[in-house]
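# An overview of the molecular structure
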2 protein chains.
Amino acid sequence: MAAVNGEQPQRPDQPARSEPSPYHDQPQYQVIANDLRARIQRRELPPGAQVPTEKDLAATYGCSRNTVRMALSALANEGLISAGRARAGRTVRRREQFVLTHRVEEELGATRLRGPDSFADQAHRLGRAPTQDIEVSIVAAGPEYATRLEIPADERLVVRRRVRYLDGTPSHLSESYYPLMLVKDTQVLDPTEIVPSVVPLLAALGHRQVRYTDEILSRMPDPAEVRLLEIGVGVPVIEHLRTGWSAERPVRLTRTVLPSDRHQLRYELPS
Amino acid sequence: MAAVNGEQPQRPDQPARSEPSPYHDQPQYQVIANDLRARIQRRELPPGAQVPTEKDLAATYGCSRNTVRMALSALANEGLISAGRARAGRTVRRREQFVLTHRVEEELGATRLRGPDSFADQAHRLGRAPTQDIEVSIVAAGPEYATRLEIPADERLVVRRRVRYLDGTPSHLSESYYPLMLVKDTQVLDPTEIVPSVVPLLAALGHRQVRYTDEILSRMPDPAEVRLLEIGVGVPVIEHLRTGWSAERPVRLTRTVLPSDRHQLRYELPS
DNA sequence: CAGTGGTCTAGACCACGGA
DNA sequence: CCGTGGTCTAGACCACTGG
């Protein structure tokens, strides 16, 4: 039944032993998970396909629904399948690959650096409609950011917090931090102002950016990020911290949170 | 008992309603998970601390052990707590931060690029003992790598696959791919050979690297990586793909898999 | 409205690691 | 040894969604 999977009986009723020791080799739910994972990887269950219902799987493998759920939960946490939505069931998750590619380019002679925040540019080039929610506030720096910006932890920072969307669906989160003392009485504080980039503005104030430091890490999203960016179970985020320096000091900190099923980072560099 | 947590009764016996509709607002296991998550974040449960036992939590919240397990499972999948090991119980996971920092530096005038694979250097600087298992083989390129190296998918590649360790514990996985036709009859094929870097060797063969393209993405590890690198539940990996170019063509592909609880990437770049 | 997955219970046995 | 978490069962009711 279920046609496939002729290999071996997944559970030979009773494993020779009279009755005891149920799972000496590998727990049943992992056997089920391994089986489904293999079927997904060899494209027998292609992206977008329906995963068999929990009831069917329980019948197929001769175990309870809870055991099947443990297997499916493992696969969901690996990002391979979606959570179920009632009658729609679960589906094999599509690897939509990178919707957006951050990029740093540098021409050989010129030492010129493009990006990374040509978000609107790249979106338009892909024929997608970019939008964003902006929110500006003033906060205390805190130990993390204070270290990077080389200021006291209680100094005030202007935060520009943006949730960006492509065609209405959340793309990523981007926060920029500026020491208040550097930018007070400028448009940076105006949330309605569409500043294409704050960098030239800082340059005009005498804080021209001459170098960057990028830190890149990965982790599971917290519940707030899950809600804000509509992140599925088992999908990690990439966190990208860019500290911008003038000749004298750090002047800018950008924090980007990218759901890893929609984004990748890209750097192009001379050797 | 349990001492802490005087805030509110987490579950007022029966929520006013006579009996029905169990979880209209939020499922119990999420309430429990949120509570524990908050206690971890405010350091009431600091890194390394014992998480209360499942039985205790069930008693505290007045629910079954299975419900508690759903909450703990969610926290484990967020990378916040460890899985339990029998009598040792579960602990709040330590954020050991980056053990190793990959780095790309470039001096302003010179356009010189250091790293990223001064792994041994950086390890020694940190007083850690680096070791590695090397395995060399020859494989067909496959569509993914063929595209990046601009060769037919059936062309042969030499693979140098390294699992690297710090003080005996797995650090990360690093694979380098070279078109066989570029490197045949060289030491690259010798697994015992400690080639500090293959780059100068390629340069001597007329394939001097002049630029890189780095692609960085994140995902959950597959079971093989979990075993090889001893990755905990809920810890994503960073995958780093570097394509090295000579003046004419791609000559080298490096794939690095980094458990995100031990690593971060870092770039230092001119503006 | 029928059937899916989500939530939850109250049990059970087992492997394993500290005391 | 004893208690932990890991595995598993056989039920139950509910919310949501597609036909």
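Residues numbered from 1 in each chain as written. Chains lettered and ligands numbered in written order. Predicted model: local features only at pLDDT ≥ 70, side-chain atom pairs only at ≥ 80, totals over all residues. Heavy atoms only, no water.

## Focus on the overall build of chain A
Along its length, chain A carries eight helices and nine strands. The buried share of chain A, taken over its 271 residues, is 47%. Taken as a whole, chain A presents about 14,300 Å² of accessible surface, with 51% of it coming from carbon and sulfur. (Helix = DSSP H or I, 4+ residues; strand = E, 2+ residues; numbered from the N terminus. Buried < 20%, exposed > 50% of the residue type's maximum accessible area, 1.4 Å probe, protein only. Areas by Shrake-Rupley, 256 points an atom, 1.4 Å probe, with all protein chains shown as cover.)

## Looking at the relation of the copies chain B and chain A
Least-squares fitting of chain B to chain A yields an RMSD of 0.1 Å, with the superposition described by an axial translation of 0.0 Å and a rotation of 180°. The operation mapping one copy onto its partner corresponds to a two-fold rotation axis. An overlap of 100% is found between the interface residues of chain B and their copies at the interface of chain A, pointing to a shared contact surface. (Least-squares fit on C-alpha atoms with pLDDT ≥ 70 in both. Contact = heavy atoms within 4.5 Å.)

## Things to note about the UniProt feature "domain: HTH gntR-type" (unreviewed entry) in chain A
The positions UniProt marks with the feature "domain: HTH gntR-type" (unreviewed entry) are residues 26-95 of chain A. Annotated as 50% helix and 0% strand, the span residues 26-95 of chain A places its first and last C-alpha atoms 29 Å apart. (UniProt positions renumbered as here; feature names shortened; annotations may be inferred.)

## Side note on the packing of aromatic side chains
Tallied over the entire structure, the rule returns three aromatic pairs over all chains. Relative to Y267 of chain B, the ring of Y267 of chain A has its centre 4.1 Å away and its plane inclined at 15°; by these criteria the two rings are stacked. Residue Y267 of chain A is found in strand β9 (residues 263-270), and its partner Y267 of chain B is found in strand β9 (residues 263-270); the two belong to separate chains. Of the two residues examined, Y267 of chain A and Y267 of chain B, each falls in the buried class. Residue placement shows R242 of chain B over the ring face of Y212 of chain B; its charged tip is 3.9 Å from the ring centre. (Phe/Tyr/Trp six-rings, centres within 6.5 Å; stacked < 30°, edge-to-face > 60°. Lys NZ or Arg CZ within 6 Å of the ring centre and 35° of its normal.)

## Observations concerning helix α2 (residues 54-61) of chain B
Residues and elements named next belong to chain B. Of all the residues in α2, the buried ones are E54, L57, A58 and Y61. The buried residues of α2 all sit within an arc of 100° when viewed along its axis, so they share a single face. Along α2, the residues that are exposed and aim more than 90 degrees away from the buried face are K55 and A59. Among the residues trailing α2, G62 stands out with phi positive, at a value near 65°. (Arc of directions from axis to C-beta.)

## Let's talk about the environment of Y29 of chain A
All names here are of chain A. With respect to the secondary-structure elements, Y29 resides in helix α1 (residues 28-41). For the pair Y29 and I231, spaced 202 residues apart in the sequence, the C-alpha separation amounts to 25 Å. Contact partners of Y29, with chain neighbours within four places excluded, come to T67, M70 and A71.

## Brief notes about the interface of chain B and chain A
Each partner contributes residues to the interface: chain B has 34 residues there, and chain A has 34 residues. Interface area, chain B with chain A, both sides summed: about 3,300 Å², of which 55% is carbon and sulfur. Our enumeration of links across chain B and chain A arrives at zero salt bridges. Here chain B is connected to chain A by ten residue pairs in polar contact (both at pLDDT 80 or more). Broken down by secondary-structure element, the contributors of at least two residues to the side of chain B that touches chain A are β1 (100-106), β6 (211-219), β7 (237-245) and β9 of chain B. (Buried area = accessible area lost by both parts, 1.4 Å probe. Salt bridge = Lys/Arg side-chain N within 4 Å of Asp/Glu carboxyl O. Polar contact = N/O pair within 3.5 Å; in protein donor to acceptor, adjacent residues only side chain to side chain.)

## Some thoughts on the pairing of strand β5 (residues 169-179) of chain A
Regular strands place side chains that alternate from one sheet face to the opposite one. Residues and elements named next belong to chain A. When you tally the buried positions in β5, you get ten out of eleven residues, the bulk of the element. One ladder, built from ten bridges, connects strand β4 (residues 156-166) with β5; its direction is antiparallel. Among the inter-strand pairings, R164 is bridged to a residue of β5, identified as H172. Counted along the chain from β4 to the antiparallel partner β5, the turn is two residues long, and its residue D167 has a positive phi close to 50°. (Pairing = 2+ DSSP bridges.)

## Digging into the pattern of salt bridges
Under the definition given, this model contains 36 salt bridges over all chains. Residues E225 of chain A and R219 of chain A are paired through a salt bridge, measuring 2.9 Å at the closest nitrogen-oxygen approach. The exposure classification of E225 of chain A matches that of R219 of chain A, with both residues buried. A salt bridge links D167 of chain B to R128 of chain B; its shortest N-O distance comes to 2.7 Å.

## A closer look at the packing of helix α1 (residues 28-41) of chain B against helix α3 (residues 65-77) of chain B
Residues and elements named next belong to chain B. Two elements in contact, α1 and α3, have axes whose closest approach is 8 Å; the angle formed by their N-to-C orientations is 50°. The angle between α1 and α3 falls in the class oblique. Of the two elements, α1 crosses α3, and the hand of that crossing is right-handed. Seen from α1, the contacting residues are Q28, Y29, I32, A33, L36 and R37; seen from α3, they are T67, M70, A71, L72 and L75. Among the residues making up the contact of α1 with α3, the classes are represented as eight nonpolar, two polar and one charged. (Axes fitted to C-alpha atoms, helices over the stretch in contact; angles between N-to-C directions. Parallel < 35°, antiparallel > 145°, perpendicular 65-115°, else oblique. Left-handed = near helix turned anticlockwise from the far one by under 90°. Nonpolar A, V, L, I, M, F, W, Y, C, P; charged D, E, K, R; others polar.)

## Points about the confidence of the model for chain A
Residues and elements named next belong to chain A. Across chain A, the average pLDDT comes to 82, with 79% of residues at or above 70. Predicted confidence is poor over residues 1-20, with pLDDT under 50, and the contacts of this stretch with residues over four places away or in other chains come to 13 contacts. Taken as a whole, residues 108-116 scores under 50 in pLDDT and shows 23 contacts with residues more than four places along the chain or in a different chain. (pLDDT = per-residue confidence, 0-100.)

## Brief notes about the side chain of R252 of chain A
All names here are of chain A. Tracing the backbone shows R252 in strand β8 (residues 250-259). Of the residues examined, R252 reaches a relative accessible area of 13% and is grouped as buried. In terms of polar contacts, R252 uses its side chain to reach the side chain of Y178, at 3.4 Å. The residues touching R252, leaving out its near neighbours within four places in the chain, are L149, S176, Y177, Y178, V199, L202, Q209, R242, T243 and G244.

## Observations regarding α3 of chain B
Taking 1.5 Å per residue, 13 residues should reach 18 Å; α3 of chain B reaches 18 Å between its end C-alpha atoms and fits that length. For α3 of chain B, the full list of buried residues reads T67, V68, A71, L72, L75, A76 and N77 of chain B. In this structure, the buried side of α3 of chain B is in contact with α3 (65-77) of chain A together with α1 and α2 of chain B. Trailing α3 of chain B by a residue or two, G79 of chain B shows a phi angle of about 80°, which is positive. (Expected span 1.5 Å × (residues − 1).)

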